[in-house]
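For reference, the chains in residue letters:
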Amino acid sequence: MSGITELETLLQSMSPALMDGDYVFCTVDGALADYVQCAPIATFQEQEGLTLVLTRENAEAAGLAFDGVFSLISLMVHSSLEAVGLTAAVATKLKDHGISANVIAAYYHDHIFVQKEKAAQALAALNSFSS
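The structure presented is a predicted model; accordingly, all values stated were derived computationally and were not measured. (Residues numbered from 1 in each chain as written. Predicted model: local features only at pLDDT ≥ 70, side-chain atom pairs only at ≥ 80, totals over all residues. Heavy atoms only, no water.)

J.: Lay out the environment of P40 with the relevant residues and their values.
T.: Mapped onto the elements of the fold, P40 is located in the loop between β2 (23-28) and β3 (42-46). Between the C-alpha atom of P40 and that of F25, which follows or precedes it by 15 residues, the distance is 9.6 Å. Residues contacting P40, with those up to four places away along its chain left out, are L32, Y35, L52, V53 and L54. (Helix = DSSP H or I, 4+ residues; strand = E, 2+ residues; numbered from the N terminus. Contact = heavy atoms within 4.5 Å.)

J.: I'd love a proper account of the environment of L126, names of residues and values included.
T.: For L126, the location among the structural elements is in helix α4 (residues 119-127). C-alpha separation for the pair L126 and D110, spaced 16 residues apart in sequence, amounts to 13 Å. Setting aside anything within four residues of it in sequence, one finds L126 in contact with M14, P16, I73, L75, V90, L94 and I112.

J.: Any details on the pairing of β3? Residues and values, ideally.
T.: Relative to strand β4 (residues 49-55), β3 runs antiparallel, the two sharing five bridges. Directly across from F44, in β4, lies its bridge partner T51. Count of turn residues in the β3/β4 antiparallel hairpin: two residues. (Pairing = 2+ DSSP bridges.)

J.: Any details on the packing of helix α3 (residues 86-95) against α4? Residues and values, ideally.
T.: Look at α3 against α4: their axes get within 10 Å of each other, and the N-to-C directions meet at 125 degrees. The orientation of α3 relative to α4 falls into the category oblique. By crossing handedness, the relation of α3 to α4 is classed as right-handed. Judged by residue contacts, V90, K93 and L94 of α3 engage A122, A125 and L126 from α4. Tallied by class, the residues present in the contact of α3 with α4 amount to five nonpolar, no polar and one charged. (Axes fitted to C-alpha atoms, helices over the stretch in contact; angles between N-to-C directions. Parallel < 35°, antiparallel > 145°, perpendicular 65-115°, else oblique. Left-handed = near helix turned anticlockwise from the far one by under 90°. Nonpolar A, V, L, I, M, F, W, Y, C, P; charged D, E, K, R; others polar.)

J.: Which residues make up the pattern of salt bridges, and what values go with them?
T.: According to the stated counting rule, one finds three salt bridges in the structure shown. For D22, the salt bridge is made with K116, and the minimal N-O distance between the two is 2.7 Å. Of this pair, D22 sits in the loop between β1 (16-18) and β2 while K116 sits in the loop between β7 (110-115) and α4, and the two are 94 residues apart along the sequence. One salt bridge in this structure joins E60 and R56, with 3.1 Å as the shortest N-O distance. You can see E60 and its partner R56 sitting in helix α2 (residues 56-61), four residues apart, about one turn around the helix. (Salt bridge = Lys/Arg side-chain N within 4 Å of Asp/Glu carboxyl O.)

J.: Quick rundown of α3? Include the residues and the values.
T.: Here α3 has its buried residues at L86, A89, V90 and L94. Seen along its axis, α3 keeps its buried residues to an arc of 125 degrees; they face one direction. Elements that come into contact with the buried residues of α3 comprise α1 (7-12), β5 (70-75), β7 and α4. (Buried < 20%, exposed > 50% of the residue type's maximum accessible area, 1.4 Å probe, protein only. Arc of directions from axis to C-beta.)

J.: Which residues make up the nonpolar core, and what are the values?
T.: By size, the foremost hydrophobic cluster in this structure holds 19 residues, and its most contacted members are M14, L75, V90, L94, I112, V114 and L126. Counting only elements with at least two residues in this core, the list comes to α1, β5, α3, β7 and α4. When near neighbours in sequence (up to four residues on either side) are disregarded, V90 contacts M14, L75, I112 and L126. Judged by nonpolar contacts, the second largest core, of eleven residues, contains V28, L52, L64 and V69. (Core = buried A, V, L, I, M, F, W, Y, C linked by side-chain atoms within 4.5 Å.)

J.: Lay out the packing of aromatic side chains in plain terms, naming residues and giving numbers.
T.: By the definition in use, this model includes four aromatic pairs. Each ring, one from Y23 and one from F113, has its centre 5.9 Å from the other, and the planes form 70 degrees; the classification is edge-to-face. Pair noted here: Y23 is in strand β2 and F113 is in strand β7, with a separation of 90 residues, a long-range link. This pair shows no difference in class: Y23 is buried, exactly as F113 is. A centroid spacing of 5.5 Å and a plane angle of 80 degrees characterise the contact between F25 and F70, whose relative ring orientation is edge-to-face. Remark: F70 occurs in strand β5 and F25 occurs in strand β2; sequence separation between them is 45 residues. A residue is classified by how much of its surface remains accessible, and F25, at 24% relative accessible area, is partly exposed. Overall, F70 belongs to the buried group, its relative accessible area being 13%. Directly above the aromatic system of F129 lies the positively charged group of K93, at a separation of 4.9 Å from the ring centroid. (Phe/Tyr/Trp six-rings, centres within 6.5 Å; stacked < 30°, edge-to-face > 60°. Lys NZ or Arg CZ within 6 Å of the ring centre and 35° of its normal.)

Structural data, given as structure tokens:
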């Protein structure tokens, strides 16, 4: 498996970047094919329904309900899916600043959704790992 696994290297070189846009989490009934036009950036099928992560603009255009608006911070380091401790370290750092961390790990990078109004504070907190 490719990507960095060593925790200290990951933390010091994660280069968190605040992505453009406002993001929301919605839960819907039906299949993903029913919501492709909403252009979700992530999905997850749970017993209770299909979770869509999408831009606020796309959710509102589709008339989908959501609670909370989030900003997206992507960790630009190529982290291995087998790396141990990165999610815990990030979540703990954000917890210490009263910021929720909704983490999605993709193949190359980890992505953290934080409360929109706390995005700048979250970015500063994450950048402190490399100080």
